[in-house]
Amino acid sequence: MRTIEEQGHIFEEWITPAQIAAEIQPVADRINEDYKTKSPLFVVVLNGAFIFAADLVRRFNGRCKITFVRVKSYEGMTSTGEIRFIVPLQQNIEGRDIIVVEDIVDTGLTIHHLKQYLLDQGAASVRVAALLCKPDKLQFADAEPDYVVRRITNEFVIGYGLDLEGFTRNLDAIYKIKEQS
Ligand code: IMP
């Protein structure tokens, strides 16, 4: 089993590239079925979702468009919280069927606000496809992903797009923390 060290922590390989690929396929199959009469717009949440999105959209068989947003979420600034767009939406989404592609849903704050924003901009529908979800940490019921590759416990994971202070996104597998030094 591969291990790596990052920021003084040891991480061990947990979900291999082959397992990731095998687990994405049934999710893609469901999306293909659900959107067979539609041309969805995939809204990829940067930075973490770029690798998952690349694998997911290449398994989508129909017509689609792909765009990117980058958001930062802040808790406690207002009573409802808010998200700030670092890279804003590049196009009109009125009437579009949107599939948000996210790396990991943790508290759900980001997805909760992003979904509301997209609906406010006139999206016809908004669903969420997430690589990972930590259900025990979810605080917003509407942020539960419609499509999820794997639900995990409250562990910190890196790799396959997921970072620790900007590093490790390039790892081809998902790693979880092994021990702290
Ligand atoms: P949320 O808004 O609380 O759901 O946070 C989602 C974001 O937190 C993700 O897009 C990630 O950037 C980050 N995040 C949450 N858990 C992890 C993790 O285990 N590894 C890396 N990033 C994480």
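Look above for the structure.
Bear in mind the structure is a predicted one, so any value in this text is a computation, not a measurement.

(A) View of the overall build of the protein chain. Helix and strand content of the protein chain: three helices and ten strands. Tracing the protein chain from N to C terminus, the helices and strands come up as β-β-α-β-α-β-β-β-α-β-β-β-β. In terms of C-alpha radius of gyration, the protein chain reaches 16 Å, essentially the compact-globule figure of 16 Å for 181 residues. Taken along its principal axes, the extent of the C-alpha atoms in the protein chain is 50 × 40 × 25 Å. For the protein chain, with 181 residues in total, the buried portion stands at 46%. At a minimum sequence separation of 6, the contacts of the protein chain that also span at least 24 residues come to 65%. For the protein chain, the exposed area adds up to about 9100 Å²; of that, 47% sits on carbon and sulfur atoms. Both charge centroids of the protein chain, one from 21 positive and one from 26 negative side chains, sit 5 Å from each other.

(B) Looking closely at the packing of helix α1 (residues 17–34) against helix α2 (residues 50–57). α2 packs onto α1 with a crossing angle of 60° between their chain directions and a minimal axis gap of 10 Å. The angle between α1 and α2 places the two elements in the oblique class. Of the two elements, α1 crosses α2, and the hand of that crossing is right-handed. Two secondary-structure elements touch here, α1 through Ile24, Val27, Ala28 and Ile31 and α2 through Phe52, Asp55 and Leu56. The residue inventory of the contact of α1 with α2, partitioned by class, reads six nonpolar, no polar and one charged.

(C) Expanded view of the environment of Phe50. If you trace the backbone, Phe50 turns up in helix α2. Judged by its relative accessible area of 39%, Phe50 falls in the partly exposed class. Through-space distance from the C-alpha of Phe50 to that of Thr67 is 11 Å; in sequence the pair is 17 residues apart. Leaving out residues up to four positions away in the same chain, Phe50 has contacts with Val44, Gly161 and Arg169.

(D) Highlighting the pattern of salt bridges. Taken as a whole and assessed by the stated rule, the structure comprises eleven salt bridges. When the shortest N-O distance is used, the salt bridge between Asp172 and Arg2 registers 2.9 Å. Placement of the pair is Asp172 in the loop between β9 (157–158) and β10 (174–180) and Arg2 in the segment before β1 (3–6), with a sequence separation of 170 residues. On the basis of relative accessible area, Asp172 is assigned to the partly exposed category, the value being 41%. With its nearest N and O atoms 3.5 Å apart, the salt bridge here joins Arg127 to Asp34. With a gap of 93 residues between them, Arg127 in strand β7 (residues 125–133) and Asp34 in helix α1 connect regions that are remote in the sequence. On the basis of relative accessibility, which here comes to 33%, the residue Arg127 falls in the partly exposed class. On the accessibility criterion, Asp34 (35% relative accessible area) is partly exposed. Linked through salt bridges whose partners overlap, the residues forming this network are Arg2, Glu13 and Asp172.

Each value, and the rule that gives it
- Residues numbered from 1 in each chain as written.
- Predicted model: local features only at pLDDT ≥ 70, side-chain atom pairs only at ≥ 80, totals over all residues.
- Heavy atoms only, no water.
- Helix = DSSP H or I, 4+ residues; strand = E, 2+ residues; numbered from the N terminus.
- Rg over C-alpha atoms; globule rule 2.2 N^0.38 Å.
- Buried < 20%, exposed > 50% of the residue type's maximum accessible area, 1.4 Å probe, protein only.
- Contact = heavy atoms within 4.5 Å.
- Areas by Shrake-Rupley, 256 points an atom, 1.4 Å probe, with all protein chains shown as cover.
- Lys, Arg positive; Asp, Glu negative; His and termini not counted.
- Charge placed at Lys NZ, Arg CZ, Asp CG, Glu CD.
- Axes fitted to C-alpha atoms, helices over the stretch in contact; angles between N-to-C directions.
- Parallel < 35°, antiparallel > 145°, perpendicular 65-115°, else oblique.
- Left-handed = near helix turned anticlockwise from the far one by under 90°.
- Nonpolar A, V, L, I, M, F, W, Y, C, P; charged D, E, K, R; others polar.
- Salt bridge = Lys/Arg side-chain N within 4 Å of Asp/Glu carboxyl O.

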